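# Per-entry structural report
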Amino acid sequence: MDGKACGDGVALGLAGRFPIVTENTSISFPEVRYGYFPDGASSKMLCSLGGLGMYLALTGESISGLDLIHYGIFQNYIERGLYYPFSSLLASLDILLDDLSLNHSRDPHRLQSIIETTTIPLPNPPEELIDRYNTISQLFNPCFHSDSSVMDLIRRLQGDGSEFAAHTLERILQSPSMGTLQLVWRSVVDAGKLSVHGTLKRDYQVCYVRIK
């Protein structure tokens, strides 16, 4: 992933066996800003990220590829200058890629070894990044185990008193309506109880009702 990815594009990237990001990568789920919700089973992936996923879904904020690595969401980072030569190398491995596409149970160690020789390790994340992740988790994780609606989150943000909470609340309230926020909140929370197939089916039903 080199550049900006939104919504379903992010979900597809995260679903890949070897997701790779560059310093140019950023992801976001801006659907909430347009009165919509993360469909195409994106909510299943967001749910798996816990509080960070709910934060991304309700604010529409973007997050960089470097942060994704530091948060442990992506594992492979490559400098952008090496990205396209690396892509050309992978494209030349027709037999290997065909084998993987035909049967995902086959041993992918050859491809993994190529990735490991090209990608680079990153230094430990800065303390401020860790603090931000911990703050997001503290504020948004309760959505999945104690909150009954998005209003519980809003009240928690209002009572927190921190600059981050105030900014986050301002972003969330830019949504067109409380109904949209509740829809997004519910779609992410309920995705944890559904399979990918069940999430896709639910998303289709919700889309049909909203368009109708």
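Further up the page is the structure itself.
Quick caveat, the model's predicted, so the values are computed rather than measured. The numbers attached to residues start from 1 for each chain and follow its sequence in the written order. Since the coordinates come from a predicted model, pLDDT governs what is reported: local features require at least 70, and pairs of side-chain atoms require 80 or more to be given and counted, while whole-chain, interface and lining totals use all residues. Only hydrogens and water are set aside; all other atoms, that is, all heavy atoms of the structure, feed into the side-chain values.

### Some words on the pattern of salt bridges
Should the charged atoms of two oppositely charged side chains come close, the side chains can pair. Basic side-chain nitrogens of Lys or Arg form a salt bridge, by our definition, when they fall within 4 Å of a carboxyl oxygen of Asp or Glu. Counted by the stated rule, this structure contains 7 salt bridges. Note that E61 and R171 form a salt bridge whose closest N and O atoms lie 3.3 Å from each other. You can see E61 sitting in the loop between α3 (51-59) and β4 (63-64) and its partner R171 sitting in helix α10 (residues 163-172), a full 110 residues away along the chain. Under the scheme applied here, a residue whose accessible area is under 20% of the maximum for its type counts as buried, over 50% as exposed, and between as partly exposed, the area being computed with a 1.4 Å probe on protein chains only. Relative accessible area serves as the criterion here: at 15%, E61 is assigned to the buried category. Of the residues examined, R171 reaches a relative accessible area of 17% and is grouped as buried. Taking the shortest distance from any N to any O, the salt bridge between K193 and D190 comes out at 3.7 Å. Note on K193: relative accessible area 64%, which makes it exposed. Connected through shared salt-bridge partners, R186, D190 and K193 make up one network. In this text, helices come from DSSP runs of H or I with a minimum length of four residues, and strands from runs of E with a minimum of two, each type numbered from the N-terminal end.

### Here we look at the packing of helix α11 (residues 178-191) against helix α12 (residues 196-211)
Whenever a helix is involved, its axis is fitted only over the stretch in contact; in every case the axis is a line through C-alpha atoms, and angles between N-to-C directions fall within 0 to 180 degrees. The geometry of α11 relative to α12 is characterised by a closest axis approach of 11 Å and an angle of 165° between their N-to-C directions. Relative to α12, α11 is oriented roughly antiparallel. Of the two elements, α11 crosses α12, and the hand of that crossing is right-handed. Taken together, the residues of α12 that come into contact with α11 (itself represented by T180, L183, R186, S187, D190 and A191) are T199, R202, V206 and R210. Each residue is assigned to one of three groups, with Ala, Val, Leu, Ile, Met, Phe, Trp, Tyr, Cys and Pro labelled nonpolar, Asp, Glu, Lys and Arg labelled charged, and all others, Gly among them, labelled polar. Partitioned by chemical class, the residues of the contact of α11 with α12 number 3 nonpolar, 3 polar and 4 charged. Here is the rule for angles: anything less than 35 degrees is roughly parallel, anything more than 145 is roughly antiparallel, 65 through 115 is roughly perpendicular, and the remaining ranges are oblique. Handedness of each helix crossing follows the sense of rotation of the near helix against the far helix: counterclockwise by less than a right angle gives left-handed, clockwise gives right-handed. By definition in these notes, contact holds between two residues if any of their heavy atoms fall within 4.5 Å.

### Digging into the sheet that holds strand β1 (residues 4-6)
Strand pairing requires that DSSP identify at least two bridges connecting the strands. Taken in spatial order, the 3 strands make up an open sheet running β1-β3-β4, and their pairing is mixed. Taken across any chain shown, the strands that pair with only one partner, and hence form the sheet edges, are β1 and β4. Both β1 and strand β3 (residues 26-28) contribute to a ladder of 3 bridges, which runs parallel. What sits directly across from K4, in β3, is S26. Running over the sheet, helix α1 (residues 8-15) touches β1 and β3 and is turned about 105° from β1.

### A short note on a nonpolar patch on the surface
Where nonpolar side chains cluster on the molecular surface, the patch consists of M151, L173 and M178 and spans about 250 Å² of accessible area. If you trace the backbone, L173 turns up in the loop between α10 and α11. Of the residues examined, L173 reaches a relative accessible area of 45% and is grouped as partly exposed. Exposure above 30% relative accessible area and the absence of a salt bridge qualify a residue for a patch, where like charges join within 9 Å and nonpolar side chains (Val, Leu, Ile, Met, Phe, Trp, Tyr) within 5 Å. Computed by Shrake-Rupley with a 1.4 Å probe, the accessible areas treat only the displayed protein chains as cover when residues are assessed.

### As for the packing of aromatic side chains
The relation between two aromatic rings is expressed through the spacing of the ring centres and the mutual angle of the planes. Ring pairs shown here join Phe, Tyr and Trp side chains whose ring centres sit within 6.5 Å, with only the six-membered ring taken for Trp; geometry is labelled stacked below 30 degrees between planes, edge-to-face above 60, and tilted in between. With the rule as written, the count across this model stands at 4 aromatic pairs. The interplanar angle of 80° and the centroid separation of 5.5 Å between the aromatic rings of Y55 and F140 together place this pair among those described as edge-to-face. Note that Y55 is positioned in helix α3 and F140 in helix α8 (residues 127-140), a separation of 85 residues in sequence. Owing to a relative accessible area of 9%, Y55 belongs among the buried residues under this scheme. Between Y55 and F164, the aromatic rings sit 6.0 Å apart at their centres with planes inclined by 25°, giving stacked as the arrangement. Remark: F164 occurs in helix α10 and Y55 occurs in helix α3; sequence separation between them is 109 residues.

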